[in-house]
Amino acid sequence: MPAARYNIVVEQGANFILSYIYREEDVVVSGVTTAGDPINITGATFEMQIREDSEDASTLKDWSAYFTLTTPLSGVFDLNVPYTQTLDYETEAAVYDIF
């Protein structure tokens, strides 16, 4: 799956839930885009780190523990972060990586 950029909004003191589908690259035929096939992620692990900016070596948060393989054969995984992890945010903007 190629790298992508998504802007997300996390409310301070709220639970944060997102679902993802890990897919092959989209296919374009005659100007029509078709979503790529889901990738089997059985046994996969994901990591997510949040930083002030992309050049910062230190992390504000590590949300790696909050990933769940929901439907691994179809490439579906969820990020479910409890409100206790968003309570102390004091930054207006940050960057994240999922790998």
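Scroll up to find the structure this text is about.
Here goes a summary of the coordinates provided. Computed from a prediction, not measured in an experiment: that's the story for all the values here. (Residues numbered from 1 in each chain as written. Predicted model: local features only at pLDDT ≥ 70, side-chain atom pairs only at ≥ 80, totals over all residues. Heavy atoms only, no water.)

## Some remarks on the environment of Asp-37
Piece 1. Mapping Asp-37 onto the fold places it in the loop between β3 (32-34) and β4 (48-51).
Piece 2. When the C-alpha atoms of Asp-37 and Tyr-6 are compared, they prove to be 20 Å apart, with 31 residues separating the residues in sequence.
Piece 3. Leaving out residues up to four positions away in the same chain, Asp-37 has contacts with Arg-23 and Glu-24. (Helix = DSSP H or I, 4+ residues; strand = E, 2+ residues; numbered from the N terminus. Contact = heavy atoms within 4.5 Å.)

## Observations regarding the packing of aromatic side chains
Piece 1. Within the structure shown, the criterion is met by 5 aromatic pairs.
Piece 2. Ring centres of Phe-67 and Phe-77 lie 5.9 Å apart, and the angle between their planes is 50 degrees; on these two criteria the pair is classed as tilted. Taken together, the positions of Phe-67 in strand β6 (residues 67-71) and Phe-77 in strand β7 (residues 76-81) put the pair 10 residues apart, joining distant regions of the chain. With respect to burial, Phe-67 and Phe-77 carry one shared label: buried.
Piece 3. These aromatic residues form a ring-pair network of at least three members: Tyr-20, Phe-46, Phe-67 and Phe-77. (Phe/Tyr/Trp six-rings, centres within 6.5 Å; stacked < 30°, edge-to-face > 60°. Buried < 20%, exposed > 50% of the residue type's maximum accessible area, 1.4 Å probe, protein only.)

None of this, on its own, says anything about what the molecule does.
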